[in-house]
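# An overview of the molecular structure
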Amino acid sequence: LSMSKILVNTIGHTGDTTAMTVGSTGIVTQAKMPFFMIDMSSDQASIADDTQTVIQFNERAVDPDSLWDTSNYRFTVDANTAGYYQYSGHVYANSTQNQESASLFARKNGSVHTATFGCLRASGGSSTSKTEAVFSFTGIIDLTSANDYLDFTITVDCSSGGTTTINEIGSAFRTYVCAQRLR
(Lines give C-alpha, C1' and ligand atoms only; values in the text may rest on other atoms or scores of the structure.)
Protein backbone atom coordinates (compact mmCIF):
# COMPACT_ATOMS: atom_id res chain seq x y z
CA LEU A 1 0.00 0.00 0.00
CA SER A 2 1.47 3.32 -1.12
CA MET A 3 0.21 6.69 0.08
CA SER A 4 1.35 10.24 -0.73
CA LYS A 5 0.46 13.27 1.29
CA ILE A 6 1.87 16.77 1.38
CA LEU A 7 1.29 18.70 4.58
CA VAL A 8 1.60 22.44 4.18
CA ASN A 9 0.14 25.65 5.64
CA THR A 10 1.70 28.15 3.26
CA ILE A 11 3.12 28.13 -0.23
CA GLY A 12 5.76 30.75 -0.76
CA HIS A 13 7.68 32.47 -3.49
CA THR A 14 11.47 32.10 -3.77
CA GLY A 15 11.64 35.74 -2.60
CA ASP A 16 10.34 34.48 0.79
CA THR A 17 6.84 35.93 0.43
CA THR A 18 3.64 33.99 1.05
CA ALA A 19 1.80 33.25 -2.20
CA MET A 20 -1.00 31.08 -0.77
CA THR A 21 -2.21 29.65 2.50
CA VAL A 22 -4.09 26.41 3.04
CA GLY A 23 -6.54 26.48 5.95
CA SER A 24 -7.29 23.49 8.17
CA THR A 25 -10.61 23.00 6.33
CA GLY A 26 -8.89 22.94 2.92
CA ILE A 27 -9.75 26.48 1.84
CA VAL A 28 -6.92 27.94 -0.25
CA THR A 29 -6.43 31.70 0.05
CA GLN A 30 -4.28 33.61 -2.40
CA ALA A 31 -2.41 36.62 -1.12
CA LYS A 32 -4.08 39.12 -3.45
CA MET A 33 -6.80 38.73 -6.06
CA PRO A 34 -8.07 42.12 -7.26
CA PHE A 35 -11.84 42.73 -7.14
CA PHE A 36 -14.30 45.60 -6.89
CA MET A 37 -17.97 46.59 -6.89
CA ILE A 38 -18.82 50.07 -8.13
CA ASP A 39 -22.02 52.05 -8.33
CA MET A 40 -23.22 55.62 -8.75
CA SER A 41 -23.64 58.25 -6.04
CA SER A 42 -26.57 59.82 -7.91
CA ASP A 43 -28.52 59.64 -11.17
CA GLN A 44 -26.68 60.40 -14.42
CA ALA A 45 -29.26 62.60 -16.13
CA SER A 46 -29.77 64.23 -19.54
CA ILE A 47 -27.92 61.71 -21.67
CA ALA A 48 -28.37 62.84 -25.27
CA ASP A 49 -30.49 60.79 -27.66
CA ASP A 50 -28.71 58.09 -29.68
CA THR A 51 -25.26 59.06 -28.36
CA GLN A 52 -22.76 56.59 -26.89
CA THR A 53 -22.03 57.92 -23.38
CA VAL A 54 -19.66 56.66 -20.66
CA ILE A 55 -21.57 55.54 -17.57
CA GLN A 56 -20.32 57.55 -14.62
CA PHE A 57 -19.69 54.88 -12.01
CA ASN A 58 -18.24 57.23 -9.41
CA GLU A 59 -18.65 55.39 -6.12
CA ARG A 60 -16.69 52.46 -4.76
CA ALA A 61 -19.18 50.18 -3.00
CA VAL A 62 -16.47 47.55 -2.37
CA ASP A 63 -13.00 48.37 -3.67
CA PRO A 64 -10.37 47.76 -0.97
CA ASP A 65 -7.46 48.56 -3.30
CA SER A 66 -9.09 51.61 -5.00
CA LEU A 67 -8.83 49.95 -8.41
CA TRP A 68 -11.72 51.82 -10.07
CA ASP A 69 -10.92 55.39 -11.13
CA THR A 70 -13.91 57.47 -10.06
CA SER A 71 -12.83 60.51 -12.10
CA ASN A 72 -12.58 58.88 -15.56
CA TYR A 73 -14.98 55.99 -14.76
CA ARG A 74 -12.72 53.08 -15.67
CA PHE A 75 -10.54 50.30 -14.36
CA THR A 76 -6.96 50.36 -15.69
CA VAL A 77 -4.61 47.47 -14.96
CA ASP A 78 -0.93 47.71 -14.14
CA ALA A 79 1.76 45.02 -13.93
CA ASN A 80 0.38 43.87 -10.53
CA THR A 81 -3.31 43.71 -11.50
CA ALA A 82 -3.17 42.54 -15.15
CA GLY A 83 -5.08 39.33 -15.90
CA TYR A 84 -8.37 37.87 -17.01
CA TYR A 85 -11.40 39.40 -15.30
CA GLN A 86 -15.01 38.39 -14.96
CA TYR A 87 -17.43 41.29 -14.72
CA SER A 88 -21.17 41.51 -14.20
CA GLY A 89 -23.68 44.18 -13.46
CA HIS A 90 -27.07 45.75 -13.74
CA VAL A 91 -28.09 49.13 -15.21
CA TYR A 92 -31.51 50.79 -15.13
CA ALA A 93 -32.25 53.65 -17.56
CA ASN A 94 -35.44 55.65 -18.06
CA SER A 95 -36.17 58.23 -20.77
CA THR A 96 -38.35 61.26 -21.34
CA GLN A 97 -39.70 59.78 -24.60
CA ASN A 98 -40.43 56.24 -25.78
CA GLN A 99 -37.28 54.17 -26.21
CA GLU A 100 -36.83 52.59 -29.64
CA SER A 101 -33.66 50.70 -28.68
CA ALA A 102 -31.08 50.65 -25.90
CA SER A 103 -27.57 49.15 -25.85
CA LEU A 104 -24.92 48.83 -23.15
CA PHE A 105 -21.29 48.24 -24.10
CA ALA A 106 -18.40 46.88 -22.06
CA ARG A 107 -15.29 48.32 -23.68
CA LYS A 108 -11.64 47.32 -23.64
CA ASN A 109 -9.32 50.24 -24.39
CA GLY A 110 -12.22 52.18 -25.94
CA SER A 111 -13.34 49.40 -28.31
CA VAL A 112 -16.53 47.42 -27.81
CA HIS A 113 -15.87 44.10 -26.11
CA THR A 114 -19.46 43.01 -25.46
CA ALA A 115 -22.83 44.51 -26.34
CA THR A 116 -26.00 43.96 -24.34
CA PHE A 117 -29.38 45.05 -25.60
CA GLY A 118 -31.75 46.47 -23.03
CA CYS A 119 -34.93 44.72 -22.06
CA LEU A 120 -37.40 47.50 -22.83
CA ARG A 121 -40.47 47.64 -20.65
CA ALA A 122 -43.65 49.63 -20.72
CA SER A 123 -44.59 52.13 -18.07
CA GLY A 124 -47.73 54.14 -17.49
CA GLY A 125 -49.99 51.20 -18.30
CA SER A 126 -49.50 51.27 -22.08
CA SER A 127 -47.95 48.26 -23.78
CA THR A 128 -46.59 50.50 -26.55
CA SER A 129 -45.05 53.15 -24.27
CA LYS A 130 -41.53 51.79 -23.79
CA THR A 131 -39.71 54.31 -21.62
CA GLU A 132 -37.40 52.15 -19.51
CA ALA A 133 -34.50 49.81 -20.25
CA VAL A 134 -33.03 47.23 -17.91
CA PHE A 135 -29.63 45.62 -18.54
CA SER A 136 -28.18 42.59 -16.78
CA PHE A 137 -24.84 41.53 -18.17
CA THR A 138 -21.74 39.42 -17.57
CA GLY A 139 -18.53 38.70 -19.44
CA ILE A 140 -14.88 37.72 -19.22
CA ILE A 141 -12.26 40.12 -20.55
CA ASP A 142 -8.53 39.85 -21.27
CA LEU A 143 -6.79 42.73 -19.48
CA THR A 144 -3.32 41.12 -19.50
CA SER A 145 -1.26 44.08 -20.73
CA ALA A 146 -0.35 47.01 -18.48
CA ASN A 147 -2.60 50.03 -19.18
CA ASP A 148 -5.48 47.94 -20.61
CA TYR A 149 -8.72 49.40 -19.34
CA LEU A 150 -12.39 48.50 -18.93
CA ASP A 151 -15.29 50.94 -18.98
CA PHE A 152 -18.99 50.89 -19.78
CA THR A 153 -21.08 53.01 -22.15
CA ILE A 154 -24.76 53.27 -23.02
CA THR A 155 -26.68 54.36 -26.13
CA VAL A 156 -30.45 54.90 -26.04
CA ASP A 157 -32.44 55.84 -29.14
CA CYS A 158 -35.62 57.66 -28.12
CA SER A 159 -38.48 58.66 -30.36
CA SER A 160 -38.86 62.43 -30.72
CA GLY A 161 -35.29 63.01 -29.46
CA GLY A 162 -35.81 62.49 -25.73
CA THR A 163 -33.10 62.26 -23.08
CA THR A 164 -32.20 59.36 -20.81
CA THR A 165 -31.31 59.09 -17.13
CA ILE A 166 -29.27 56.23 -15.68
CA ASN A 167 -31.00 55.68 -12.40
CA GLU A 168 -29.61 54.67 -9.05
CA ILE A 169 -31.89 54.16 -6.10
CA GLY A 170 -29.75 55.44 -3.23
CA SER A 171 -30.79 52.97 -0.54
CA ALA A 172 -29.88 49.84 -2.53
CA PHE A 173 -27.78 48.87 -5.55
CA ARG A 174 -29.80 49.39 -8.74
CA THR A 175 -27.01 50.34 -11.16
CA TYR A 176 -23.64 48.68 -10.45
CA VAL A 177 -20.74 46.63 -11.81
CA CYS A 178 -18.69 43.93 -10.09
CA ALA A 179 -15.41 42.47 -11.31
CA GLN A 180 -12.76 40.08 -10.05
CA ARG A 181 -9.57 38.67 -11.51
CA LEU A 182 -9.83 35.02 -12.44
CA ARG A 183 -6.11 34.51 -13.05
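Computed from a prediction, not measured in an experiment: that's the story for all the values here.

Below, the discussion takes up the packing of aromatic side chains. Taken as a whole and judged by the stated rule, the model has 8 aromatic pairs. Their ring planes at 45° and their centres at 5.6 Å tell us that Phe36 and Trp68 sit as a pair that is tilted. Here the residue Phe36 occupies a position in strand β4 (residues 35-39), and Trp68 occupies one in strand β8 (residues 68-69), the gap between them amounting to 32 residues. Ring centres 6.5 Å apart and planes at 70° place the aromatic pair Phe173 and Tyr176 in the edge-to-face group. In this structure Phe173 comes out as partly exposed when scored by relative accessible area, which is 47%. Overall, the relative accessible area of 23% leaves Tyr176 in the partly exposed class. Members of the aromatic cluster, joined through ring pairs, are Phe36, Phe57, Trp68, Phe75, Tyr85, Tyr87, Phe137 and Phe152. In this arrangement the basic side chain of Arg74 is found over the ring face of Tyr149, its NZ or CZ atom lying 3.6 Å from the centre.

This part takes up the sheet that holds strand β3 (residues 28-30). Pairing is antiparallel in the open sheet, where 3 strands are placed in the order β1-β2-β3. Edge positions in the sheet fall to β1 (10-12) and β3, since each has one partner strand and no second. The mean angle between the axes of side-by-side strands here comes to 20°, regardless of whether they run parallel or antiparallel. Direction of pairing for β1 relative to strand β2 (residues 18-22): antiparallel, over a ladder of 3 bridges. Looking at the pairing, Ile11 lines up with Met20 of β2.

Let us look at the pairing of strand β15 (residues 149-158). Of all the 10 residues making up β15, 9 are buried; the element is thus mostly covered by neighbouring parts of the structure. Sheet analysis places strand β6 (residues 53-54) next to β15, joined by 2 bridges and oriented antiparallel. Paired with Thr53 across the strands is Ile154, a residue of β15. Examined bridge by bridge, strand β9 (residues 74-76) and β15 share 2 bridges and lie antiparallel to one another.

This part takes up the pairing of strand β10 (residues 83-95). When β10 meets strand β17 (residues 176-181), the two strands line up antiparallel, connected through 6 bridges. Residue pairing in the sheet places Ser88 in a bridge with Cys178 of β17. Judged from the 3 bridges that link them, β10 and strand β16 (residues 164-166) form a sheet pairing that is antiparallel. Each bridged residue has a counterpart across the sheet, and for Asn94 the counterpart in β16 is Thr165.

Another aspect to go through is the environment of Thr165. With respect to the helices and strands, Thr165 occurs in strand β16. A C-alpha to C-alpha distance of 8.5 Å links Thr165 and Tyr92, two positions 73 residues apart in sequence. Non-local contacts of Thr165, meaning those with residues more than four positions away in its chain, are made with Asp43, Gln44, Ala45, Ser46, Tyr92, Ala93 and Asn94.

A word on the nonpolar core. One finds Ile55, Phe57, Val91, Phe152 and Ile154 to be the most contacted residues of the largest nonpolar core, which totals 30 residues. Of all elements in the fold, only β4, β10, β11 (99-108), β14 (130-143), β15 and β17 reach the threshold of two or more residues within this core.

Bringing the environment of Pro34 into the picture now. If you trace the backbone, Pro34 turns up in the loop between β3 and β4. Owing to a relative accessible area of 3%, Pro34 belongs among the buried residues under this scheme. Taking the C-alpha atoms as reference points, Pro34 and Gly83, 49 residues apart in sequence, are found 9.6 Å from one another. Discounting chain neighbours no more than four positions away, the residues touching Pro34 are Leu67, Thr81, Tyr85, Gln180 and Arg181.

Reading guide: rules and limits
Residues numbered from 1 in each chain as written. Predicted model: local features only at pLDDT ≥ 70, side-chain atom pairs only at ≥ 80, totals over all residues. Heavy atoms only, no water. Phe/Tyr/Trp six-rings, centres within 6.5 Å; stacked < 30°, edge-to-face > 60°. Helix = DSSP H or I, 4+ residues; strand = E, 2+ residues; numbered from the N terminus. Buried < 20%, exposed > 50% of the residue type's maximum accessible area, 1.4 Å probe, protein only. Lys NZ or Arg CZ within 6 Å of the ring centre and 35° of its normal. Pairing = 2+ DSSP bridges. Axes fitted to C-alpha atoms, helices over the stretch in contact; angles between N-to-C directions. Contact = heavy atoms within 4.5 Å. Core = buried A, V, L, I, M, F, W, Y, C linked by side-chain atoms within 4.5 Å.

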